[in-house]
Amino acid sequence: MIHTWHSFNLVQRMTSSLSTCLLNICVASLCKAQQLEKAEAVIVDGIRLGYLPDVVTYNTLIAAYCRFDGVDAGYKVIHRMSEAGIKPCVITYNSLLASAARQPQLSRALDLLEEMRRRGITPDVWSYNTLMQCCFKSGKPDEANRVFRDIILANLTPSPTTFNTMINGLCKAGYPANALRLFRNLQRHGFLPQLVTYNILINGLCKSGRLGQARRILQELGESGHIPNAITYTTVMKCCFRSGKFEQGFEIYSEMRSKGYTFDAFAYCTVISALTKIGRLKEANDCMWEMVRNGSGLDIVSYNTLINLYCKDGKLETAFQLLNEIEKGGIESDEYTHSILVNGLCKAGDLDRAQQHLKYMKMRGFQSDLVAYNCMIHGLCETGQVDYAMKIFEKMELKDSFTYSSMVHGLCKVRTFRVASKLILSCLREGLKILAADQRAVISGLRSAGLKQEARKLRSKLWSARALAF
DNA sequence: GTAGGGTTAG
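Treat the numbers as computed from the prediction; the structure is a model and nothing was measured.

Visitor: For a nonpolar patch on the surface, give the residues involved together with the corresponding values.
Guide: On the surface, Leu22, Ile25, Leu49 and Tyr51 cluster together into a nonpolar patch covering about 420 Å² of accessible area. Here Leu49 is to be found in helix α2 (residues 36–49). The class for Leu49 is exposed, based on a relative accessible area of 64%.

Visitor: Account for unusual backbone geometry, naming residues and giving values.
Guide: The general pattern is negative phi for most residues beyond glycine and trans for most peptide bonds. In the segment running from Gln103 into Pro104, the intervening peptide bond is cis, with an omega of -5°. You can see Pro104 is positioned in the loop between α5 (90–102) and α6 (106–118). With a phi angle near 60°, Gln34 is a residue other than glycine that sits in the positive phi range. Tracing the chain through its elements places Gln34 in the loop between α1 (2–32) and α2. Look at Arg415: it is not a glycine, yet its phi comes out positive at around 60°. On the basis of relative accessible area, Arg415 is assigned to the exposed category, the value being 55%.

Visitor: Tell me about the environment of Leu186, and name the residues and values.
Guide: Residue position: Leu186 is located in helix α10 (residues 176–188). The residues touching Leu186, leaving out its near neighbours within four places in the chain, are Phe163, Ile167 and Phe191.

Visitor: Account for the packing of aromatic side chains, naming residues and giving values.
Guide: Under the defined criterion, the tally for this structure stands at nine aromatic pairs. Here the aromatic rings of Phe241 and Phe250 are separated by 5.1 Å at their centres, their planes lie at 55°, and the arrangement is tilted. When its relative accessible area of 7% is taken as the criterion, Phe241 is described as buried. The class of Phe250 is buried, set by a relative accessible area of 8%.

Visitor: So what's going on with a positive patch on the surface? Which residues, and what values?
Guide: Taken together, the side chains of Lys172, Lys207, Lys238, Arg242, Lys277, Lys312 and Lys347 define a basic patch exposed on the protein surface. Mapped onto the elements of the fold, Lys347 is located in helix α19 (residues 335–347).

Reading the values: the criteria
Residues numbered from 1 in each chain as written. Chains lettered and ligands numbered in written order. Predicted model: local features only at pLDDT ≥ 70, side-chain atom pairs only at ≥ 80, totals over all residues. Heavy atoms only, no water. Patch = residues over 30% accessible without salt bridge, like charges linked within 9 Å, V, L, I, M, F, W, Y side chains within 5 Å. Areas by Shrake-Rupley, 256 points an atom, 1.4 Å probe, with all protein chains shown as cover. Salt bridge = Lys/Arg side-chain N within 4 Å of Asp/Glu carboxyl O. Helix = DSSP H or I, 4+ residues; strand = E, 2+ residues; numbered from the N terminus. Buried < 20%, exposed > 50% of the residue type's maximum accessible area, 1.4 Å probe, protein only. Contact = heavy atoms within 4.5 Å. Phe/Tyr/Trp six-rings, centres within 6.5 Å; stacked < 30°, edge-to-face > 60°. Lys, Arg positive; Asp, Glu negative; His and termini not counted. Charge placed at Lys NZ, Arg CZ, Asp CG, Glu CD.

This is the structure in structure tokens:
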């Protein structure tokens with residue numbers, strides 16, 4: 001009797017776990033298809049029919065809400081989870097943390113961590129890795145470093161991701177030398193770099209102009225036994241384009257093709273923008289159509305690349321049409337999209353419309369409109385409206401070396417060398433550099449205008465600024 | 001449930 005009862009119980013348990021498993025598969029596939037409301041409905045129906053959800057069901061749902069709609073959306077599900085009598089676990093909170101890191105919202109991430117501890121859920125190395133990533137993305141490398149030290153000093157075993165996140169974060173924060181030092185230190189302590197690690201480092205070193213070191217790491221990657229993947233190829237290709245070695249970059253592109261690597265939007269955009277930059281528009285167009293044919297679901301970066309190509313090809317109306325279409329399709333444009341368009345309008349000589357578009361950008365409130373303003377300054381100077389450019393220049397709160405260079409260049413064109421010289425000096429005070437050609441133009445301009453004393457003074461200031469740069 | 005590559009201006 002007892003034996004029968006026991007088997008019955010076992011069968012019941014097995015059936016119920018099987019039904020939960022089915023439910024989870026169903027919820028996961030709906031979440032993947034971004035049909036979150038349907039997934040929730042399935043959970044409700046499931047409960048009615050005896051398919052009981054478990055922590056995995058809710059974790060899947062929360063992860064999807066976090067990915068598609070942000071932390072708050074994910075967090076709301078925790079209440080429904082509790083109502084169903086299921087307690088969140090460390091994975092639940094790690095999804096929420098990841099979402100906070102993506103934004104990034106550092107204070108939110110710290111609150112979540114605190115809440116975990118309060119609820120008796122011990123954060124694991126994933127939680128801390130994510131927190132580190134969040135610190136880096138919030139522009140706080142020191143905080144990230146502190147978390148890193150905590151991981152090492154606490155009873156947590158750092159994972160390869162811990163090191164990769166740290167190396168990547170240091171590169172992105174402008175400390176590639178520290179990243180390389182950490183990499184070497186870890187190697188000395190027996191850390192075997194993963195392919196990701198090499199990719200991170202090659203990219204970081206290349207972007208900071210350390211081509212020799214990047215090449216050395218690429219060579220080490222070859223000797224490590226890892227097979228470079230499409231990401232490695234795209235990274236190295238981009239490195240070549242950045243340093244003006246276009247032919248070498250295109251060779252890597254051919255090699256990637258002949259070796260049968262699958263092209264994704266990252267690879268296509270790298271090639272299309274390089275071809276666009278050097279005016280090989282026919283090839284850029286061919287590549288673009290190949291991407292459109294092959295690529296499922298182009299994102300805003302891909303569209304920006306296409307819009308840029310249309311602008312450079314003189315097809316401004318097509319560019320604006322494309323913008324309309326993508327926004328109708330629910331993809332949000334960003335500051336790149338509109339800076340590209342402002343630049344296109346300036347290059348086409350339509351300064352009025354460029355300025356209108358700049359106003360529109362301001363109204364939409366993008367993260368930054370610095371590049372668009374720089375294009376405007378440059379465009380106005382090129383069309384002889386230097387005074388107007390200067391007015392805009394003076395109103396700009398944020399300026400960079402492009403802003404100063406364009407303005408100085410424009411002032412030289414109308415032989416206003418004294419003002420140009422003043423601008424160079426304030427540029428130096430802000431720690432920015434302007435193009436050497438524009439520096440020379442101002443010095444020789446001052447001289448030719450008989451302002452020899454001022455020319456000498458500017459030259460010596462520029463000289464000491466260069467001397468102090470390292 | 002965490003980490004890597006792509007888009008703009010002088």
